[in-house]
Amino acid sequence: MSQTVTILGLESSCDDTAAAILRQTDESPPEILASIVYGQSELHARFGGVVPEIAARAHAEKLDLCVEEALAVAGLSLRDIDAIAVTAGPGLIGGVLSGVMCAKGLAAGLGLPLIGVNHLAGHALTPRLTDGAAYPYLMLLVSGGHCQFLIARGADSFTRLGGTIDDAPGEAFDKTARLLGLPQPGGPSVQAEATKGDARRFRFPRPLLDRPGCDMSFSGLKTALLRARDTILSEKGGLTRQDRADLCASFQAAVVDVLAAKTARAVTIYVEQTPAHPLLAVAGGVAANSAIRARLETVCTDLGVAFTAPPLELCTDNAAMIAYAGLELFHAGHRDDMALVARPRWPLDQAAAALLGSGKKGAKA
Amino acid sequence: MPSDALILGFDTSAAHCAAALLSGGRVLACHAEEMGRGQAERLVPLLEEMLAGAGCGWGDLSAIGVGIGPGNFTGIRISVATARGLALALDIPAIGVSTFDAEGHGHRGPHIATVPAPRGQIYVQTPDGKAELRPVAPLSDLPILTPPPPDVLAERIARVAAERRGQALPRPAPLYIRAADAAPPRDPAPVILDDA
């Protein structure tokens with residue numbers, strides 16, 4: 001007998017409030033019936049970064065509206081839904097909590113199964129939603145809050161090969177934009193400036209390339225950019241547009257070099273495990289950067305590994321990925337109860353040593 | 001029948017998880033647990049236990065009354081988000097009730113409603129409805145009300161919601177009073193010079 005599952009996903013772990021509805025019949029590819037994202041960029045713009053309390057306030061009052069819009073777009077009612085999936089971490093806890101509580105209200109009121117999803121698993125499983133990627137594949141998750149290499153072996157099984165030991169590249173792009181008077185979010189504005197600049201004018205550091213392994217560091221790059229900027233400011237009293245473009249191009253080149261070199265190492269480790277269909281997938285907001293994408297594609301071609309990057313709207317934060325991860329967990333029999341905990345920290349690979357953070361809150365990544 | 005309407009009220013605006021179930025004007029159940037943390041995990045199970053104890057289910061509810069604070073920001077979001085999810089699922093109204101309104105329920109005449117705020121400050125609502133955060137309680141000839149015990153608070157939230165049922169009301173939203181702590185970056189953007 002054929003089985004159709006329709007799942008509602010909710011996401012609110014950073015500055016996007018999102019709801020999506022996904023439907024899958026048997027083994028056929030899942031269909032995204034609706035994917036609604038309410039951004040908050042304008043609320044945070046003047047602060048030069050996401051302010052957790054402002055984000056939490058917006059999520060709590062938008063989630064139900066977002067669900068209603070997703071239902072309207074899909075032409076469905078809540079009675080057509082079979083399960084509720086929600087991001088239960090990691091992320092800004094105020095937003096995660098709002099999502100988890102809204103999902104609990106929905107699941108309790110409808111008498112439906114509730115499935116807590118790891119936000120990172122949502123990103124990491126997206127290549128299966130978009131490309132039907134077969135396990136095990138290598139994943140580079142690179143966003144405003146995260147940067148790590150993962151081998152995805154199953155919906156609940158990941159091995160982390162390495163990641164950033166301090167800032168995420170997306171954070172560095174935002175900070176660069178702020179230091180150079182460019183609009184937020186920094187990724188697109190820095191990339192646009194970089195196309196007009198000379199990437200060789202400033203020699204910014206490529207940290208940790210001299211060390212083995214796949215760990216990365218981006219905080220020193222921010223500092224180097226700040227120093228270069230301040231040197232120009234003290235000489236000229238300001239930045240010319242060319243200075244700014246050159247700073248952006250040199251900064252982006254450093255990020256690209258680090259990601260490319262570490263990706264080559266991660267691919268080598270992954271390929272040693274002889275996957276049947278070797279694949280590198282990249283996801284997260286920074287995967288939208290075309291220079292990064294192009295270099296990673298070259299790395300993969302050179303090493304004989306397929307490359308995929310989900311479409312932009314599924315690379316950045318969205319709820320379709322949460323619904324999809326929820327669907328895989330649902331099929332695996334995973335269910336949460338009404339005591340589901342919202343977690344600010346939740347490493348995907350629980351066995352790996354902490355990259356970042358420790359103490360009573362546990363590892364951040 | 002409106003007189004038999006089943007109303008569930010709940011509140012997590014301070015260090016507690018509190019709920020009350022009203023049928024008509026009658027309290028079927030009323031319960032509060034003190035807790036400094038863990039409201040997000042405890043709230044829905046507590047509500048389910050209360051409904052089951054009264055021999056009811058979610059589908060029997062006519063409306064939800066939810067405490068919107070002022071109080072702990074995270075706490076009021078926990079209750080408001082839950083209430084909005086439940087209201088959507090059950091297709092019934094969720095009605096936001098402030099702690100000020102719950103304090104004033106059944107009180108005759110003008111008064112000043114207060115709620116303790118962090119660092120010894122106080123949230124104050126004056127008879128004109130204006131709410132603000134003050135360093136100390138106001139000096140006034142009017143009676144000054146303070147929050148009742150959590151179980152009574154939940155009961156009054158349910159009662160106020162019962163009274164407001166049928167009115168066209170916005171969806172419940174937390175009553176923050178205090179703006180979010182956030183400051184624009186101190187480091188100003190650099191001057192951009194026109195290229196020579």
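So, how was this worked out
- Residues numbered from 1 in each chain as written.
- Chains lettered and ligands numbered in written order.
- Predicted model: local features only at pLDDT ≥ 70, side-chain atom pairs only at ≥ 80, totals over all residues.
- Heavy atoms only, no water.
- Contact = heavy atoms within 4.5 Å.
- Buried area = accessible area lost by both parts, 1.4 Å probe.
- Salt bridge = Lys/Arg side-chain N within 4 Å of Asp/Glu carboxyl O.
- Polar contact = N/O pair within 3.5 Å; in protein donor to acceptor, adjacent residues only side chain to side chain.
- Helix = DSSP H or I, 4+ residues; strand = E, 2+ residues; numbered from the N terminus.
- Nonpolar A, V, L, I, M, F, W, Y, C, P; charged D, E, K, R; others polar.
- Pairing = 2+ DSSP bridges.
- Buried < 20%, exposed > 50% of the residue type's maximum accessible area, 1.4 Å probe, protein only.
- Phe/Tyr/Trp six-rings, centres within 6.5 Å; stacked < 30°, edge-to-face > 60°.
- UniProt positions renumbered as here; feature names shortened; annotations may be inferred.
- 1 Å grid on protein atoms, 1.4 Å probe; cavity = no way out; pocket = protein on both sides within 12 Å on 5 of 7 lines; lining within 4 Å.
- Points joined across faces, edges and corners; volume = space filled by probe spheres on them.
- Domains from an automatic or database assignment.

## A look at the interface of chain A and chain B
Consideration 1: Between chain A and chain B, the contact holds 45 residues from the first and 40 residues from the second.
Consideration 2: Here chain A and chain B share an interface that buries about 3400 Å² over both sides, 64% of which is from carbon and sulfur atoms.
Consideration 3: Asp194(B) is paired through a salt bridge with Arg241(A); the nearest N and O atoms lie 3.7 Å apart.
Consideration 4: Our count for the contact surface shared by chain A and chain B stands at nine residue pairs in polar contact (both at pLDDT 80 or more).
Consideration 5: At the level of elements, helix 2 (52–60), helix 3 (63–74), helix 4 (93–110), helix 6 (169–179), helix 8 (219–236), strand 9 (239–240) and helix 9 (241–271) of chain A are the ones that each hand at least two residues to the side of chain A that touches chain B.
Consideration 6: In terms of residue count, the dominant contributor to the side of chain A that touches chain B is helix 4 of chain A (eleven residues).
Consideration 7: Residues belonging to the side of chain A that touches chain B are distributed by class as follows: 23 nonpolar, ten polar and twelve charged.
Consideration 8: As judged from the two bridges shared by strand 9 of chain A and strand 10 (residues 192–193) of chain B, these two strands associate in the parallel manner. What sits directly across from Thr240(A), in strand 10 of chain B, is Leu193(B).

## Side note on the pattern of salt bridges
Residues and elements named next belong to chain A.
Consideration 1: In this structure the tally under the stated criterion is 24 salt bridges over all chains.
Consideration 2: Linking Asp 243 and Lys 236 is a salt bridge whose minimum nitrogen-to-oxygen distance equals 2.7 Å.
Consideration 3: Owing to a relative accessible area of 2%, Asp 243 belongs among the buried residues under this scheme.
Consideration 4: On the basis of relative accessibility, which here comes to 40%, the residue Lys 236 falls in the partly exposed class.

## A look at the packing of aromatic side chains
Residue and element names in this part refer to chain A.
Consideration 1: A complete count under the given rule lists four aromatic pairs over all chains for this structure.
Consideration 2: Centre to centre, the rings of Phe 173 and Phe 251 are 5.0 Å apart; their planes meet at 85°, and the pair counts as edge-to-face. Of the two residues, Phe 173 is situated in helix 6 and Phe 251 in helix 9; the sequence distance between them amounts to 78 residues. Across this residue pair, the class does not change: Phe 173 and Phe 251 are buried.

## Overview of the sheet that holds strand 6 (residues 112–116) of chain B
Within a sheet, each strand pairs with its neighbour through backbone hydrogen bonds, oriented either parallel or antiparallel.
Residue and element names in this part refer to chain B.
Consideration 1: Taking strand neighbours across the sheet as the criterion, the four strands line up as 8-7-6-9 in an open arrangement whose pairing is mixed. With partners counted over all chains shown, the strands left at the sheet margins are strand 8 (131–134) and strand 9 (144–145), one partner each.
Consideration 2: Across two bridges, the pairing between strand 6 and strand 9 is parallel. Within strand 9, the residue paired with Ala 113 across the bridge is Leu 145.

## Describing the UniProt feature "domain: Gcp-like" (unreviewed entry) in chain B
Consideration 1: UniProt feature "domain: Gcp-like" (unreviewed entry): in the numbering of this structure it lies at residues 35–125 of chain B.
Consideration 2: With 43% helix and 20% strand, the stretch residues 35–125 of chain B has end C-alpha atoms that lie 26 Å from each other.

## What about the UniProt feature "binding site: Fe cation" (unreviewed entry) in chain A?
Residues and elements named next belong to chain A.
Consideration 1: According to UniProt, the "binding site: Fe cation" (unreviewed entry) feature falls on His 119, His 123 and Asp 317. In three dimensions, the annotated residues from a span of 199 residues occupy one location, with a maximal C-alpha spread of 8.8 Å. Cross-referencing the annotated residues with the largest pocket identifies His 119, His 123 and Asp 317 as lining it.
Consideration 2: Along the chain, His 119 falls in helix 5 (residues 119–131).

## Focus on the pairing of strand 6 of chain B
All names here are of chain B.
Consideration 1: For strand 6, the tally of buried residues reaches four of five residues, placing the bulk of the element in the interior.
Consideration 2: Here strand 6 runs beside strand 7 (residues 122–125); their pairing, made up of four bridges, is antiparallel. By the bridge assignment for strand 7, Pro 116 is matched with Ile 122.

## Structural notes on the layout of surface pockets
Consideration 1: As a volume, the largest pocket reaches approximately 1600 Å³.
Consideration 2: In terms of lining residues, the largest pocket is bounded by 47 residues, among which Cys14(A), Val50(A), Gly144(A), Gly145(A) and Asp174(A) are the most central.
Consideration 3: The set of elements that each furnish at least two residues to the lining of the largest pocket consists of helix 1 (41–44), helix 5, helix 6, helix 7 (186–194) and helix 11 (312–315) of chain A.
Consideration 4: When residues of the lining of the largest pocket are assigned to their parent elements, the largest contribution, six residues, is made by helix 6 of chain A.
Consideration 5: When its residues are assigned to classes, the lining of the largest pocket shows 17 nonpolar, 19 polar and eleven charged.
Consideration 6: When residues of the lining of the largest pocket are assigned to domains, at least three fall in each of domain 1 (4–129 + 314–360) and domain 2 (134–312) of chain A.
Consideration 7: Here the second largest pocket defines a volume of roughly 580 Å³.
Consideration 8: Around the second largest pocket sit 20 residues that line it, and Ile93(A), Leu97(A), Arg37(B), Gly38(B) and Thr74(B) are the ones nearest its centre.

## Regarding the side chain of Thr12(B)
Residues and elements named next belong to chain B.
Consideration 1: With respect to the helices and strands, the residue Thr 12 is situated in the loop between strand 1 (6–11) and strand 2 (16–23).
Consideration 2: Using a relative accessible area of 0% as the deciding quantity, one classes Thr 12 as buried.
Consideration 3: For Thr 12, the side chain forms a polar contact with the main-chain oxygen of Gly 75, separated by 2.7 Å.
Consideration 4: There is a polar contact of 2.7 Å between the side chain of Thr 12 and the side chain of Ser 79.
Consideration 5: Not counting residues within four places of it along the chain, the set of residues in contact with Thr 12 comprises Cys 17, Gln 39, Leu 43, Gly 75, Ile 76, Ile 78 and Ser 79.

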